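What follows is each chain in one-letter form.
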Amino acid sequence: CFEWWDANGNSWVTISCGCQPPSAPTANAASGVTATTFTANWSSVTGATTYYLDVATDNGFTNFVPGYNNLNVGNVTTYNVTGLTCNTTYYYRVRAGNSCGMSGNSNVISVATSTCPPGSCGTQVWMTANLNVGTMIYDEPAEQNNDSQIEKYCYNDNSANCAIYGGLYQWPEAVQGPYSWINTDQNPDPIWMTCDPCGDGGRQGLCPSGYHVPTDLEWSRYEWCVENNISPAGTTPLSTFQSNTGWRGNSSTIGPGAKLKASSSDSPSWDGTNASGFTALPAGYRLGAGGFGDLGSYAYFWTATESSATNAWSRELNTGIWQSGRDSNYKGLGFSLRCLQN
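Predicted model, so just to flag it, every value in this text is computed and none were measured. (Residues numbered from 1 in each chain as written. Predicted model: local features only at pLDDT ≥ 70, side-chain atom pairs only at ≥ 80, totals over all residues. Heavy atoms only, no water.)

**Student:** Hey, could you run me through unusual backbone geometry in this one?
**Tutor:** Trans is the common state for peptide bonds, and a negative phi is the common state for residues other than glycine. Of note, the amide linkage connecting Ser 231 to Pro 232 takes the cis form, showing an omega dihedral of -5°. Within the fold, Pro 232 resides in the loop between helix 3 (216-229) and helix 4 (238-243). In this chain, Ser 267 is followed by Pro 268 through a cis amide linkage whose omega measures -5°. Within the secondary structure, Pro 268 is located in the loop between helix 5 (256-260) and strand 15 (285-286). Backbone geometry places Asn 87, a non-glycine residue, at a positive phi of 55°. Residue position: Asn 87 is located in the loop between strand 7 (78-81) and strand 8 (89-98). (Helix = DSSP H or I, 4+ residues; strand = E, 2+ residues; numbered from the N terminus.)

**Student:** Just to check I follow, could you spell out the side chain of Asp 54 for this structure?
**Tutor:** Considering the arrangement of structural elements, one finds Asp 54 in strand 5 (residues 50-56). Here Arg 93 takes part through its side chain, which lies 2.8 Å from a polar atom of the side chain of Asp 54. In this structure, Asp 54 is in contact with Phe 61, Phe 64, Tyr 68, Asn 69, Asn 70, Tyr 91, Tyr 92, Arg 93 and Arg 95, ignoring residues within four places of it in sequence. (Polar contact = N/O pair within 3.5 Å; in protein donor to acceptor, adjacent residues only side chain to side chain. Contact = heavy atoms within 4.5 Å.)

**Student:** Explanation requested: the pattern of salt bridges in the structure shown.
**Tutor:** Inspection of the entire model under this criterion finds nine salt bridges. A salt bridge links Arg 95 to Asp 54; the nearest nitrogen and oxygen atoms lie 2.7 Å apart. Of this pair, Arg 95 sits in strand 8 while Asp 54 sits in strand 5, and the two are 41 residues apart along the sequence. Here Arg 95 and Asp 54 have matching classes, each one buried. Notably, a salt bridge pairs Arg 326 with Asp 216, separated by 2.7 Å at the nearest N-O pair. Separated by 110 residues along the polypeptide, Arg 326 in strand 19 (residues 324-330) and Asp 216 in helix 3 bring together distant segments of the chain. With a relative accessible area of 6%, Asp 216 lands in the buried category. (Salt bridge = Lys/Arg side-chain N within 4 Å of Asp/Glu carboxyl O. Buried < 20%, exposed > 50% of the residue type's maximum accessible area, 1.4 Å probe, protein only.)

**Student:** In this structure, what is going on with the sheet that holds strand 18 (residues 311-318)? I would like to understand it.
**Tutor:** Sheets are built from strands paired through backbone hydrogen bonds, the pairs being either parallel or antiparallel. The antiparallel open sheet is built from four strands, whose spatial order is 14-19-18-17. Of all the strands in the sheet, the pair left with one neighbour each is strand 14 (246-248) and strand 17 (298-306). Strand after strand, the sheet turns through a mean of 30° between neighbouring axes, direction not considered. In the sheet, strand 17 pairs with strand 18 via six bridges, with the strands oriented antiparallel. Residue pairing across strands places Glu 306 opposite Ala 312, the latter belonging to strand 18. (Pairing = 2+ DSSP bridges. Axes fitted to C-alpha atoms, helices over the stretch in contact; angles between N-to-C directions.)

**Student:** So what exactly am I meant to see when it comes to the sheet that holds strand 3 (residues 27-31) here?
**Tutor:** Strand order in the open sheet formed by three strands is 3-4-7, and the pairing between neighbours is antiparallel. Across the chains shown, the open sheet's two edge strands, defined by having one partner strand only, are strand 3 and strand 7. Averaged over all pairs of adjacent strands, the angle between strand axes in this sheet comes to 25°, irrespective of strand direction.

What follows is the structure, given as structure tokens:
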């Protein structure tokens, strides 16, 4: 571009410089840091119409976080980065762009996610207690999930057991399904039955805001992560947890069952190591035809995923077994519910 003094010698006359890409932005410190998220920030650049964000686990940006390699975030100066692993250092940089091109990279900002909360593994953060919401109804053979009231069973019709172990819920009550509990199988399944990870797309069901009922795939990923990423580590592949039924994982205390169950030092206690901090309790279950069973020896958890018109996938933990179980169970049974953070 060219500039001259005007005729009076006291100001500049600027001739058009032509189309120019914006200059590089300045990246600023992250904010809103949690165990699995942070907000990336940067300063606006004159002439920029959009910005591109990179997030990686190394400052050379050779190991990008999936989805955050040259991500076009629009004409904003802040962006919420999600799906991260707790207690991990990340690096981010940004570039500015317009119709004429893209700037060079900004400076690099490092940010460490916060310490892993109890029950977390990888990118998943779980509630550390079974859900206990709704009105206690007394055990009857007839199915009762046919009104707008949130209903729970308490083992042996004793509300004190709900206070300790959480409520026992039929599957349609747990997921708050938009159909009666005995309706046909969903074909095709809604995405909230099969997502992994689900994030905000999960089925909230009875879970509090910001949480959802975990899918069969999300439960499998958690079991795999607990065995393979929490010391002492095992080697059972994710595909085994996702595809096999019955007991899965290492049969020693390396297995997910041992690490998920409460330990002898917890109250109530169980026979696990609780290395995960999940603190599963032997809450038993409510039978489909009425009655209760397995208090003190078994834990059963619903997933959000149907296996047939009348059944849904669930997880089981048992006294003396260090593996975790995956089975298809009748929707009318009363199982525990543990919620997963979006």
